[in-house]
Amino acid sequence: MSSEATLQEARDRAALARVAVRDAASDLFASFTPSRLKAEAALSARHRLDEAKVALRKSIRTHPLLACLSLAGAATLITYLLRRPVAALARTGARSFGSLRERLTWRK
């Protein structure tokens, strides 16, 4: 009798262990859904961005002159990179305005 009771207890424990493993596997597979992965990636990116903001603020407070020079350099670089597209846009606008003015004066 004791061996049968022990065997039945072992089978019950094994059945409970199988259920626990099945539940754990189900939870694990549920964590790999695209929406959950996307949410975790967004949370991680937001966390890293917040850390970078704090580090930048600390760096600006510690080295204000370096921060001003870096900002001036970045503004100069952006101005240099955008000078041709802005000039082309200005030329196009000037041509359009000139042709519109020409049409309006021609009709009079």
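Conventions and cut-offs
- Residues take numbers from 1 onward in each chain, read along the sequence in its written order.
- Note on the predicted model: pLDDT of at least 70 is required for a residue's local features to be given, and 80 or more for side-chain atom pairs to be given and counted; whole-chain, interface and lining totals, by contrast, use all residues.
- Calculation of side-chain values draws on the structure's entire complement of heavy atoms; hydrogens and water are dropped beforehand.
- Numbering of helices and strands starts at the N terminus; helices are DSSP runs of H or I of at least 4 residues and strands are runs of E of at least 2.
- Atoms counted for the radius of gyration: C-alpha only. Globule rule: 2.2 Å times residue count to the power 0.38.
- Burial classes follow relative accessibility: with a 1.4 Å probe on protein chains only, a residue under 20% of its type's maximum area counts as buried, one over 50% as exposed, and anything between as partly exposed.
- Only the protein chains shown count as cover for residues, and all accessible areas are computed by the Shrake-Rupley method using a 1.4 Å probe.
- Only four residue types enter the charge count, namely Lys and Arg as positive and Asp and Glu as negative; His and the chain termini do not.
- Charge positions are represented by NZ for Lys, CZ for Arg, CG for Asp and CD for Glu.
- pLDDT gives the predictor's per-residue confidence on a scale running from 0 to 100.
- Any carboxyl oxygen of Asp or Glu that lies within 4 Å of a side-chain nitrogen of Lys or Arg is treated as forming a salt bridge with it.

S.K.: Tell me about the overall build of the protein, and please be specific about residues and values.
M.R.: When its secondary structure is counted, the protein shows 3 helices and 0 strands. In sequence order, the secondary structure elements of the protein are arranged as α-α-α. Taken against the 2.2 N^0.38 rule, which gives 13 Å for 108 residues, the C-alpha radius of gyration of the protein at 34 Å runs more than 25% over that of a compact globule. With 108 residues in all, the protein has 1% of them scored as buried. Accessible area for the protein stands at about 10100 Å²; split by element, carbon and sulfur atoms hold 66% of it. The positive charge centre, built from 20 side chains, and the negative charge centre, built from 9, are 28 Å apart in the protein.

S.K.: Pulling in residues and values, what's your account of the confidence of the model for the protein?
M.R.: Per-residue pLDDT for the protein has a mean of 89; in total, 97% of the residues score no lower than 70. Element-level mean pLDDT values for the protein span from 88 in helix 3 (residues 64-107) up to 93 in helix 2 (residues 34-62).

S.K.: Give me the lowdown on the pattern of salt bridges, citing residues and values where you can.
M.R.: Here the structure, examined in full by the defined rule, presents 1 salt bridge. A salt bridge links Arg-36 to Glu-40; the shortest N-O distance between them is 3.5 Å. Of this pair, Arg-36 and Glu-40 both sit in helix 2, 4 residues apart, which is roughly one turn of the helix. Classification of Glu-40 as partly exposed rests on a relative accessible area of 41%.

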